[in-house]
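Below are the chains, spelled out letter by letter.
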Amino acid sequence: MSVARVTTLSVRSEKSFEDAVSAGIERAHRTLRGMSGAWVKEQKVVVDDGKITSWDVVIEVTFVLED
């Protein structure tokens, strides 16, 4: 039997949604062991003077707890 935990991350990128998700996964990997997946829960953009200035995501990362 395995037990998993979900951690919520909020990430901002000045490039794209994909970059924000990748940065969040890479950062979580440095701290969390046993990551098994992630879910993009929310996406939004920040707009200034009619132009997108950043892409924000909320991701939920699943990792298996060690015995």
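Check the entry above for the structure.
For clarity, every value in this text was computed on a predicted model and none was experimentally measured.

Bringing the sheet that holds strand 3 (residues 51–64) into the picture now. Working definition: the strands of a sheet are paired by backbone hydrogen bonds and lie parallel or antiparallel to each other. Spatial strand order, 1-3-2: three strands in an open sheet with antiparallel pairing. Of all strands in the sheet, those with a lone pairing partner are strand 1 (4–13) and strand 2 (35–48), marking the two edges. Neighbour-to-neighbour, the strand axes of this sheet turn through a mean angle of 15 degrees, independent of strand direction. Sheet analysis places strand 2 next to strand 3, joined by twelve bridges and oriented antiparallel.

The end-to-end C-alpha distance of helix 1 (residues 17–31) is 22 Å, a good match for the 21 Å that 15 residues give at a rise of 1.5 Å each. Among all positions in helix 1, only Ala20, Gly24 and Ala28 are buried. Take helix 1 and look down its axis: the buried residues cluster within an arc of 60 degrees, on one side only. Turned more than 90 degrees from where helix 1 packs its buried face, Glu18, Glu26, His29 and Arg30 sit exposed. On the buried face of helix 1, the contacting elements are strand 1, strand 2 and strand 3. Capping the start of helix 1, Ser16 holds a side-chain oxygen 3.5 Å from the backbone nitrogen of Glu18, two or three residues further along.

The next point concerns a nonpolar patch on the surface. On the surface, Met1, Val3 and Leu65 cluster together into a nonpolar patch covering about 370 Å² of accessible area. The topology assignment puts Val3 in the segment before strand 1. For Val3, a relative accessible area of 44% puts it in the partly exposed group.

Following the criterion strictly, the structure yields three salt bridges and no others. Of the charged contacts, one joins Asp56 and Arg12 as a salt bridge, the two residues approaching to 2.8 Å between their closest N and O atoms. Of this pair, Asp56 sits in strand 3 while Arg12 sits in strand 1, and the two are 44 residues apart along the sequence. By relative accessible area, Asp56 is classed as buried at 9%. Put simply, Lys41 and Glu60 hold a salt bridge, and the shortest N to O gap is 3.2 Å. Placement of the pair is Lys41 in strand 2 and Glu60 in strand 3, with a sequence separation of 19 residues. The exposure class assigned to Lys41 is partly exposed, which follows from its relative accessible area of 42%. Exposure remark for Glu60: the relative accessible area of 15% places this residue in the buried category.

Rules and cut-offs
Every chain's residues receive numbers from 1 upward, in the order its sequence appears when written. Two thresholds apply to this predicted model, a pLDDT of at least 70 for residue-level local features and 80 or more for giving and counting side-chain atom pairs, whereas whole-chain, interface and lining totals are computed over all residues. Note that water and hydrogens are dropped before the side-chain values are worked out from all heavy atoms of the structure. Two strands pair if DSSP finds at least two bridges between them. Helix numbers and strand numbers start at the N terminus; a helix is a DSSP run of H or I with at least 4 residues, a strand a run of E with at least 2. Between N-to-C directions, angles span 0 to 180 degrees; the directions come from axes that are lines fitted to C-alpha atoms, helices contributing only their stretch in contact. Any helix carries an expected span of 1.5 Å times its number of residues minus one. Relative accessibility decides the category of a residue: with a 1.4 Å probe and only protein chains considered, values under 20% of the type maximum give buried, values over 50% give exposed, and everything between is partly exposed. The arc in question is the one spanned by the directions pointing from the helix axis to the C-beta atoms. Here, two residues are considered to be in contact whenever any of their heavy atoms come within 4.5 Å of each other. We call two N or O atoms a polar contact when they sit within 3.5 Å, provided that within protein one can donate a hydrogen and the other can accept it, with sequence-adjacent residues counted only if both atoms are side-chain atoms. Candidates for patches are residues over 30% relative accessible area with no salt bridge; among them, like charges are joined within 9 Å and nonpolar side chains (Val, Leu, Ile, Met, Phe, Trp, Tyr) within 5 Å. All accessible-area figures derive from a Shrake-Rupley calculation using a 1.4 Å probe, and residue coverage is judged against the displayed protein chains alone. Salt-bridge detection follows one rule: a side-chain nitrogen of Lys or Arg within 4 Å of a carboxyl oxygen of Asp or Glu.

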